[in-house]
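# Chain and residue survey
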Amino acid sequence: MANSRPPAGLTGLALLNNSQYNKSTAFTEDERERFKLRGLLPAAVSSQRLQTELIMENLRRKAYDIERYILLMALQQRNERLFYRVLLEYIEEIMPLVYTPTVGQACREFAHIFRQPRGFYITPTDRGDIFDILDNWPERDVRMIVVTDGERILGLGDLGANGMGIPIGKLALYTAFAGIPPAQCLPVMLDVGTDNQMLREDPLYLGTRQPRLRGADYLALVDEFVAAVQLRYPRALIQFEDFLTPNAYTLLNRYRNKALCFNDDIQGTAAVALAGVFAACRTTGKAFETLKILFLGAGSAATGIGDLVQFALVAAGLTPDQARKRLWFADVDGLLVAGREGLAPHNRPYAHDASPAGVIEAIERIKPQVLIGATGSPGAFGERIIRTMASINERPVIFALSNPTERAECSAEQAYRWSEGRALFASGSPFAPVLMNGKTLKPGQGNNAYIFPGIGLGALACQATRISDEMFLKAAEVLADSVADDDLRQGSLYPPLSQLREVSLKIAAAVAEVAYRQGLAKAADRDIRIETIRAMMYDPVY
Ligand SMILES: NC(=O)C1=CN([C@@H]2O[C@H](COP(=O)(O)OP(=O)(O)OC[C@H]3O[C@@H](n4cnc5c(N)ncnc54)[C@H](OP(=O)(O)O)[C@@H]3O)[C@@H](O)[C@H]2O)C=CC1
Ligand SMILES: CC(=O)C(=O)O
Ligand SMILES: [Mg+2]
């Protein structure tokens, strides 16, 4: 999508202060004349390329990643095209700064590194006014909303209003990889309080300083928010992000059939993990429908994956019961088995008839080919666990999905070392390549960032009315098919991050096709192809 010229009347300092249209030193002589910029800029005219190099020079000069994050956020606030250009051109270097792991630290320190507001905050005192106050947001054509209430930020727990860093980061990826124009993106914080006492006592904390709103009042607030969005921005897709598991499921079940929405932690994560499992089958030679999978962790991320794997197994010909029986879950209390007290509704389908067991015993008994960790618990994959997986599998598939890096169940190096380099490993946050037995292994990043941009772009391109499970299954298939044999040979179950824009496009086209097939698309042009969608995408060039 071509980027428009500044609107009439936007000139001089106001233009330089407008992040959407600002080009800073890249304004040409002619533009400086036309836009009343003469005298306001130094004489030299830079190219966007030169500006990109300047940003990288400054970024690399910083001592800490959190400082790099601050630099990048400041760039986003003053020149958004340059920010996205830098992100796209140096994706391997920049993504860990605007996304996991650095975004985790940024959320922790959000109030302490706060410079300028970004996004929209809704508090319990806004009850009854949400539709009206949304009018304060300057953009009228919002299409993509990422909303959190900050109660489960990555694996870092309740960070209250500090969690705003997550919607901001996810939407930066939407623009970079799915080409959703920044003006159509809205980060939302449902600031319903926090039960994190340390935050409430921090004098610099910027959120509502009260215990979390719960129960009927909480649901009423979210209901009002969703209804207000539907009225104010009828084409918008709502992505629920980083809600605590019980709320994540409650909200997904409440809105999935009446609003254009999905839960990224349940559904996006599911698709990226399933894609990794599909890709792993190409290396192991095992048939997908014969796999047994053990999950460590039984929260929204793990059971979300379980639900989609079950859906995929049924699509592959198994009965729902046969499919479920291939999936096992363990949490801090060991294997989830029938009869265990206090099981949450999302866990019950997977609590099989079996005697209780710890993780090692469960691995020995079940003999899973795949072990998926979504615990938020660092070191949850200890040496014995990996060695046991490696003793029963020639190529054990090990996913340590928890974010940020400090919460990973194990590191790439540990997974490879404890399996003598045989593990097919992926992690939610990036790990550097590991040299093992003279071979460099490049672990892939099993993160929903491979999925949500394509789901969102596809849904918006065909004006989807709902997001279906079929769309996530299709997204997983497309992602798995995008993994080159060379990637697999080097140990990665995912394509390189540098291909994220192309992968998102492919997913988008496939999602749109599913939407039409299922009668879930409103756009008139049914023949929606990759090139049609590409033409809709924001391109951050001047
Ligand atoms: N890679 C990706 O794309 C994504 C990764 N994630 C990551 O997944 C993690 C979990 O998220 P979510 O499911 O919402 O969180 P929850 O807190 O709801 O679930 C965590 C689960 O792990 C269990 N658990 C905790 N510690 C251990 C342990 N040492 N051994 C066994 N089980 C353990 C918990 O058990 P109990 O309840 O008994 O304490 C619970 O069942 C987060 O770190 C998040 O960053 C999430 C989404 C996407
Ligand atoms: C990646 C992500 O969504 C999470 O860790 O919550
Ligand atoms: Mg998340």
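Residues numbered from 1 in each chain as written. Chains lettered and ligands numbered in written order. Predicted model: local features only at pLDDT ≥ 70, side-chain atom pairs only at ≥ 80, totals over all residues. Heavy atoms only, no water.

- As annotated in an unreviewed UniProt entry, the protein carries the name NAD-dependent malic enzyme and comes from Methylomarinum roseum.
- Here is the UniProt Sequence similarities (unreviewed entry) comment for the protein, exactly as written: "Belongs to the malic enzymes family." (UniProt positions renumbered as here; feature names shortened; annotations may be inferred.)

## Regarding the domain arrangement of the protein
- Domains assigned within the protein are domain 1 (12–90), domain 2 (102–259), domain 3 (267–447) and domain 4 (450–534).
- One C-alpha centre belongs to domain 1, the other to domain 4, and the line joining them spans 32 Å. (Domains from an automatic or database assignment.)

## Looking at the site of ligand 2
- If you check the shell around ligand 2, you find Tyr99, Arg152, Leu154, Lys170, Glu241, Asp242, Asp265, Asn403, Asn447 and Asn448 and nothing else.
- In this structure, an oxygen atom belonging to ligand 2 sits 3.0 Å away from a side-chain N or O atom of Arg152.
- Between ligand 2 and Asp242, the relevant distance is 2.9 Å, taken from an oxygen atom to a side-chain nitrogen or oxygen of the residue.
- Its residues assigned to classes, the shell around ligand 2 comprises 2 nonpolar, 3 polar and 5 charged. (Near = heavy atom within 4 Å. Polar contact = N/O pair within 3.5 Å; in protein donor to acceptor, adjacent residues only side chain to side chain. Nonpolar A, V, L, I, M, F, W, Y, C, P; charged D, E, K, R; others polar.)

## Describing the packing of aromatic side chains
- Under the defined criterion, the tally for this structure stands at 15 aromatic pairs.
- On the basis of an interplanar angle of 65° and a centroid distance of 5.5 Å, the ring pair of Phe262 and Phe472 is categorised as edge-to-face. Separated by 210 residues along the polypeptide, Phe262 in strand β5 (residues 261–263) and Phe472 in helix α20 (residues 469–481) bring together distant segments of the chain.
- For Phe262, a relative accessible area of 0% gives the class buried. (Phe/Tyr/Trp six-rings, centres within 6.5 Å; stacked < 30°, edge-to-face > 60°. Helix = DSSP H or I, 4+ residues; strand = E, 2+ residues; numbered from the N terminus. Buried < 20%, exposed > 50% of the residue type's maximum accessible area, 1.4 Å probe, protein only.)

## Looking at the site of ligand 1
- Close to ligand 1 lie 26 residues, the nearest being Arg152, Thr245, Ala298, Ser300 and Val332.
- Between ligand 1 and Leu401 there is a distance of 3.0 Å, counted from a nitrogen atom to a backbone nitrogen or oxygen.
- Here Asn448 contributes a backbone N or O atom positioned 2.9 Å from an oxygen atom of ligand 1.
- When its residues are assigned to classes, the shell around ligand 1 shows 8 nonpolar, 15 polar and 3 charged.

## Details of the pattern of salt bridges
- Per the stated rule, a full pass over the model turns up 39 salt bridges.
- As a salt-bridge pair, Arg256 and Asp469 come within 3.0 Å of each other at their nearest N and O atoms. Residue Arg256 is located in the loop between α12 (245–255) and β5, and its partner Asp469 is located in helix α20; the two are separated by 213 residues in the primary sequence.
- Classification of Asp469 by relative accessible area gives partly exposed; the value is 29%.
- Overlapping salt bridges, with partners in common, bring together Asp149, Glu151, Asp158, Asp195, Arg212 and Arg214 in one network. (Salt bridge = Lys/Arg side-chain N within 4 Å of Asp/Glu carboxyl O.)

## Some remarks on the coordination of the magnesium ion (ligand 3)
- At the metal site, the magnesium ion (ligand 3) is ligated by Glu241 (OE), Asp242 (OD) and Asp265 (OD), and these contacts range over 2.0 to 2.1 Å.
- In terms of primary sequence, the donors binding the magnesium ion (ligand 3) are separated according to E-D-x22-D. Comparing Glu241 with Asp242 shows no difference in burial state: the two are buried. (Donors = N, O, S within 2.8 Å, 3.2 Å for Na, K, Ca; no water.)

## Here we look at the nonpolar core
- Core analysis: the biggest nonpolar cluster contains 134 residues, and Ile94 and Phe288 have the highest contact counts within it.
- Of all the elements, helix α22 (residues 500–517) adds the most residues to this core, at 12 residues.
- The contacts of Ile94, once residues within four sequence positions are left out, are Met56, Leu59, Leu72, Val86 and Leu87.
- The next biggest cluster of nonpolar side chains, apart from the first, holds 35 residues, and it includes Ile145, Ala228, Cys261 and Ile266. (Core = buried A, V, L, I, M, F, W, Y, C linked by side-chain atoms within 4.5 Å. Contact = heavy atoms within 4.5 Å.)

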